[in-house]
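A closer look at the structure
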2 protein chains.
Amino acid sequence: MDNLNKDSYLPYYLQIKEIIRERILNNIYEIDTLLPSEKEFCKEFNVTRATVRNALRELKKEGLICTEKGVGSIVKPHKIEQSLLQFYSFGRTLKNKKDDFISKIISAKKIKPNCNIINRLEIKKNMSVYEILRIRIFNKSPLILEASYIPVHIAPDIIKDKLHGMSIYNLLEGKYGIKIVKAREYIEPQVANEFQSKHLSIEYGSPIFHTERLTLTHNNKPIEYRNSLIRGDKFKFYTELY
Amino acid sequence: MDNLNKDSYLPYYLQIKEIIRERILNNIYEIDTLLPSEKEFCKEFNVTRATVRNALRELKKEGLICTEKGVGSIVKPHKIEQSLLQFYSFGRTLKNKKDDFISKIISAKKIKPNCNIINRLEIKKNMSVYEILRIRIFNKSPLILEASYIPVHIAPDIIKDKLHGMSIYNLLEGKYGIKIVKAREYIEPQVANEFQSKHLSIEYGSPIFHTERLTLTHNNKPIEYRNSLIRGDKFKFYTELY
């Protein structure tokens, strides 16, 4: 149970709205299913029916739910919001009990890196790199087509690990003891080509995000360079600017 | 002159590279023009020719310059990098002595706001809002197509102001005394439709960013809601994630 904050400048109905909103975005209340009834929310938050109704009205305004008379409130399809306010990992954030988030490995092999990868990873020309191509699948929909490049000496056995069920970051930290300190990320809009649209199950020419990420450990040492293509119909990025 | 930091873990050539890179991205060294000579950089930074050459080699690797034998280093066309690490305003950041950044007003009028705008700006249904449509033009290229919505009572005369030459944020802060505290921003990829591609001088179906921004003053009070369409061939967003 989430508690309301009596000292907040936010009225109760907006606090409740935020709590329900979070649960919807985290798939605790699933798309196309009924929300708990107004009565249940009254009981959970110990507030009046009018307060709950105000909260639901706000969610309706945001397009997150719709209300059917005599039935209740239904969760509408929505984009996954990914905050840019902290380090994110789809493998970590989308993986919770209610979700079905898996990675399908297209290929995982040792390669001779090209100039761009050598420069990004700041390695010597003769060093080998693992290239791992994955499709990240969320609730049966392919969402992200991703290429990761990791110097072989950083994680010598990583392509033998259970990559389809694991976050690469969890493997790097858990098995190889490499602390992830930060990531530098570039975001660009792109239009899906034939290969990309096929793997992402979208139409040729659909808008996608292209993100380029360099993941760093202590002393700004690169440990992974990653290129991700993310479906624009399923995702939006969110940030706060000060 | 920018000084090198003797105590930095970064070698001199990488520090020099970063300084030159910043100048290129800030248009101090303009696209398609020659960089200062190696000799001039040696003098400015008080380093050897080898150090300057190493710095230039790094810039070449990043695709920011190309070198022509016997001529020197030329600044290549590149995307404008917009950091998401702090509040940004194209009207502020792109406006410096060397740039030619203007706003062309398509329309500026009082409107009856729709539901979405009422909800975003948290105003009453009967309140009027200014709608300002602008094209933001940088060095003669249209870059951004932007719709701003500002409650009339916040800035009663703003559509009479010199909007084509001014940042709206500067007007709000300078003339109307409204402190901008933060902004919430959503970023999505999109494909340009006919109207958008015409105004942005790009081909129909080109990738663009769609950003939605709510600008807030003290106590999270919304003062402006903005929808921007930003050319994907000219911009990329950059952030650091911790």
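Structure: see above.
Quick summary incoming for the structure in this document. (Residues numbered from 1 in each chain as written. Chains lettered and ligands numbered in written order. Predicted model: local features only at pLDDT ≥ 70, side-chain atom pairs only at ≥ 80, totals over all residues. Heavy atoms only, no water.)

1. A word on the sheet that holds strand S4 (residues 101-111) of chain B
Strands belonging to one sheet form pairs held by backbone hydrogen bonds; the direction of such a pair is parallel or antiparallel. An order of S3(A)-S10(A)-S7(B)-S8(B)-S9(B)-S6(B)-S5(B)-S4(B) is seen for the eight strands of this open sheet, with the pairing classed as mixed. Looking at which strands have only one partner, the edges of the open sheet turn out to be strand S3 (80-83) of chain A together with S4 of chain B. Going across the sheet, the axis of each strand differs from the next one's by a mean of 20°, ignoring polarity. When strand S7 (residues 182-191) of chain B meets strand S8 (residues 207-217) of chain B, the two strands line up antiparallel, connected through ten bridges. Bridge pairing links Gln190 of chain B to Ile208 of chain B in S8 of chain B. (Pairing = 2+ DSSP bridges. Helix = DSSP H or I, 4+ residues; strand = E, 2+ residues; numbered from the N terminus. Axes fitted to C-alpha atoms, helices over the stretch in contact; angles between N-to-C directions.)

2. Observations concerning the interface of chain A and chain B
How large an interface is tends to be reported as the accessible area lost when its parts come together. Counting residues at the interface gives 38 residues for chain A, matched by 38 residues for chain B. Between chain A and chain B the total buried area reaches about 3,300 Å² when both faces are included, carbon and sulfur atoms providing 57% of it. Looking at the side of chain A facing chain B, the largest losses of area belong to Tyr186, Pro189 and Leu241 of chain A, adding up to 22% of the total buried there. Our count for the chain A to chain B interface comes out at four salt bridges. Where Lys182 of chain A meets Glu240 of chain B, a salt bridge forms, and the shortest distance between an N and an O atom there is 3.3 Å. Where chain A touches chain B, the interface holds 14 residue pairs in polar contact (both at pLDDT 80 or more). (Contact = heavy atoms within 4.5 Å. Buried area = accessible area lost by both parts, 1.4 Å probe. Salt bridge = Lys/Arg side-chain N within 4 Å of Asp/Glu carboxyl O. Polar contact = N/O pair within 3.5 Å; in protein donor to acceptor, adjacent residues only side chain to side chain.)

3. Some remarks on the nonpolar core
It is characteristic of soluble globular proteins that their nonpolar side chains tend to be buried jointly. Judged by nonpolar contacts, the single largest core of 66 residues is most densely connected at Ile158 and Phe235 of chain A together with Ile158 and Phe235 of chain B. In this view, Ile158 of chain B contacts Tyr130, Ile132, Ile150, Leu163, Ile168, Leu171, Leu172 and Tyr176 of chain B; residues no more than four positions away in its chain are not counted. Among the nonpolar cores identified, the runner-up in size contains 19 residues, and Ile24, Leu25, Val52 and Ile65 of chain B belong to it. (Core = buried A, V, L, I, M, F, W, Y, C linked by side-chain atoms within 4.5 Å. Buried < 20%, exposed > 50% of the residue type's maximum accessible area, 1.4 Å probe, protein only.)

4. Focus on the packing of aromatic side chains
All names here are of chain A. The final tally for this structure, using the stated rule, is 20 aromatic pairs over all chains. Geometrically, the ring pair formed by Phe41 and Phe45 is stacked, given 6.1 Å between the ring centres and 20° between the ring planes. Taken together, the residues span about one helical turn, with Phe41 and Phe45 both in helix H2 (residues 38-45) at a distance of four residues. Overall, Phe41 belongs to the buried group, its relative accessible area being 1%. Given the relative accessible area of 5%, Phe45 is considered buried. Ring geometry for Phe87 against Tyr169: centres 5.2 Å apart, planes inclined by 70°, an arrangement best described as edge-to-face. Of this pair, Phe87 sits in the loop between S3 and helix H4 (90-93) while Tyr169 sits in helix H6 (residues 168-174); the two residues are 82 residues apart in sequence, bridging distant segments of the chain. (Phe/Tyr/Trp six-rings, centres within 6.5 Å; stacked < 30°, edge-to-face > 60°.)

5. Regarding the pattern of salt bridges
The full count for this structure, using the stated rule, is 36 salt bridges over all chains. Of the charged contacts, one joins Glu188 of chain B and Lys79 of chain A as a salt bridge, the two residues approaching to 2.4 Å between their closest N and O atoms. With Glu188 of chain B in strand S7 and Lys79 of chain A in the loop between strand S2 (72-75) and S3, the pair connects residues from two separate chains. For Glu188 of chain B, a relative accessible area of 10% translates into the label buried. Since its relative accessible area comes to 21%, Lys79 of chain A is described here as partly exposed. Bridged by salt links that share partners, the residues Arg134, Arg136, Glu146, Glu224 and Arg226 of chain A form one connected network.

6. A few points about the environment of Asn139 of chain A
Residues and elements named next belong to chain A. Structurally, the position occupied by Asn139 is in the loop between strand S5 (129-138) and strand S6 (141-151). A relative accessible area of 33% places Asn139 in the partly exposed class. As a C-alpha pair, Asn139 and Asp100 span 39 residues in sequence and 4.9 Å in three-dimensional space.

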